[in-house]
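The primary structure of each chain is shown beneath.
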Amino acid sequence: MPEAAVSISSLSYSHSPGAPAALSNLSLELPKGSRTLLVGANGSGKTTLLSILAGKRMIHDGKVLIFGKDVFRNTPEGITFLGTEWAMNPVVRSDIVVSVFLDSVGGYRHKERRDKLLDILDVDLDWHMHAISDGERRRVQLTMGLMAPWDVLLLDEVTVDLDVLVRDELLTFLAEESVQRGATILYATHIFDGLNHFPTHVAHLRDGQFVLHPSPWPFPQDLVDKQTSAALTNSGSSLHALALAWLKEDREVRRQAEQSGRLAKTRGARLVCVGTAQFTASFHFQY
């Protein structure tokens, strides 16, 4: 068996005492060099899971190990987490030149990798951080985060504002890192076009639990149910079609839970009480 890079057992987590569980009894084991795609609706627990793996949230139930080390008490080196919130930080929106910014975070120590990423991500060293677009700022973030060699990379929706060409070349670079250096990647995204050949494993997360644990991709026939099998057959084994089928199923499960009263709140249009009268939400907002 390949060496396990990431190992989680019996992990449960709530954002505050008494709050519903954001993650519930999760377990997984990912081999070194794997590239795992996390599929799930908004609020399914993907960001929480990646944050815990990055050591950003303290847990009380379960174990989270990377290369056999506890990510909180004996944090291993070589873990990189890249999420969307970085671009909103006022510091990275200040009037600073990209070349100066990258050198300030150690770019001069990783010149060869930095220059390769500058070409892949099409970054101009003379850009001023306060005067560039969100997509360009994202490219700078990726250059900064990837220029030092990493062993485990945690990506949370970080490619959302890249154009198709840059995203494709970035994914090619990440796959090469995985194959050549044995680096391990967990990638949460809602953009599935062009991803068919990227992951080695795919997982389905719903309400903080695995509907499907990280499983080798492409799936063997005996692993998928009839609905998933039909989606894959009709689309030529497309990850986009698979994710669409899963997310539709997730929404239906949630709506059934709302109708049965197992969820306290419902989404979508509903009646709003104002005094003794009832109005539709749209009428109430007009009022």
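Just so we're clear, the structure is a prediction, and the values are computed from it rather than from any experiment. Just so you know, the residues in each chain are numbered from 1, in the order the chain's sequence is written. In view of the model being predicted, local features appear only for residues whose pLDDT reaches at least 70, and side-chain atom pairs are presented and counted only at 80 or more, with totals across whole chains, interfaces and linings using the full set of residues. Working from all heavy atoms in the structure, the side-chain values ignore hydrogens and water.

Time to look at the sheet that holds strand S9 (residues 201–206). An order of S6-S7-S8-S3-S9-S10 is seen for the six strands of this open sheet, with the pairing classed as mixed. The open sheet is flanked by strand S6 (79–83) and strand S10 (209–216), the only strands paired with a single partner. Put simply, the sheet's adjacent strands are angled 15° from each other on average, direction ignored. We treat two strands as partners when DSSP finds at least two bridges between them. Every helix listed is a DSSP run of H or I at least four residues long, and every strand listed is a run of E at least two residues long, numbered separately from the N terminus. One ladder, built from five bridges, connects S9 with S10; its direction is antiparallel. Bridging from a neighbouring strand, His201 pairs with Pro216 of S10. Those strands touched by helix H1 (residues 46–53) are strand S3 (35–39), S6, strand S7 (152–156), strand S8 (184–188), S9 and S10, and its axis lies near 150° from that of S7. Here an angle of 0 to 180 degrees is reported between the N-to-C directions of two axes, which are lines fitted to C-alpha atoms, with helices fitted over the stretch in contact. Contacts were defined at the residue level, with two residues in contact if any of their heavy atoms lie within 4.5 Å.

Roughly 820 Å³ of volume is contained in the largest pocket. Contributing elements (two or more residues each) for the lining of the largest pocket: strand S2 (21–31), H1 and helix H7 (239–259). Here the second largest pocket is characterised by a volume of approximately 150 Å³. The definitions used throughout rest on a 1 Å grid laid over the protein atoms alone, on which a cavity is an enclosed set of points accommodating a 1.4 Å probe that cannot get out and a pocket is an open set flanked by protein within 12 Å on both sides along at least five of seven lines; lining residues are those having an atom within 4 Å of a point. As for the second largest pocket, its lining consists of Ser12, Tyr13, Ser14, Ala21, Leu23, Met58, Ile59, His60 and Asp61. Those elements giving two or more residues to the lining of the second largest pocket turn out to be strand S1 (4–14) and S2. Grid points are joined across faces, edges and corners, and a volume is the space filled by probe spheres set on the points.

Attention now goes to the pattern of salt bridges. Criterion for a salt bridge: a side-chain nitrogen of Lys or Arg within 4 Å of a carboxyl oxygen of Asp or Glu. Taken as a whole and judged by the stated rule, the model has 14 salt bridges. Notably, a salt bridge pairs Asp115 with Arg114, separated by 2.9 Å at the nearest N-O pair. Relative accessible area serves as the criterion here: at 11%, Arg114 is assigned to the buried category. Where Arg254 meets Glu258, a salt bridge forms, and the shortest distance between an N and an O atom there is 3.1 Å. Here the residue Arg254 and the residue Glu258 both occupy positions in helix H7, the gap between them amounting to four residues, near one helical turn. Accessible area is worked out with a 1.4 Å probe on protein chains only. A residue is then buried under 20% of its type maximum, exposed over 50%, and partly exposed in between. Judged by its relative accessible area of 11%, Glu258 falls in the buried class. Taken together, the shared-partner salt bridges in this structure form one network comprising Asp103, Lys111, Arg114 and Asp115.

Moving on, we come to the side chain of Arg137. For Arg137, the location among the structural elements is in helix H4 (residues 134–146). Given the relative accessible area of 2%, Arg137 is considered buried. Not counting residues up to four positions away in its chain, the partners in contact with Arg137 are Trp86, Ala87, Val92, Arg93, Met129, His130 and Ile132.

Another point: the side chain of Thr80. In this structure, Thr80 sits in strand S6. Not counting residues up to four positions away in its chain, the partners in contact with Thr80 are Gly145, Trp150, Val152, Leu153 and Leu154.

On to the packing of aromatic side chains. Working definition: an aromatic ring pair is given by the centre-to-centre distance plus the angle between the planes. A pair of Phe, Tyr and Trp rings is counted when the ring centres sit within 6.5 Å of each other, with Trp represented by its six-membered ring. The angle between the planes then sorts it: under 30 degrees is stacked, over 60 is edge-to-face, the rest tilted. This structure, assessed with the given rule, holds four aromatic pairs. Ring plane angle 35° and centroid distance 6.2 Å describe the contact between Phe219 and Trp246, whose orientation is recorded as tilted. With Phe219 in the loop between S10 and helix H6 (226–235) and Trp246 in helix H7, this pair connects stretches of sequence that are 27 residues apart. Take Phe219 and Trp246: they sit in the same class, and that class is buried. Aromatic rings pair up to connect Trp217, Phe219 and Trp246 into one cluster. Taking the ring centre of Phe198 as reference, the NZ or CZ of Arg35 above it sits at 5.6 Å. Charges are assigned to positions over rings by a cutoff of 6 Å between ring centre and Lys NZ or Arg CZ, combined with an angular limit of 35 degrees from the ring normal.

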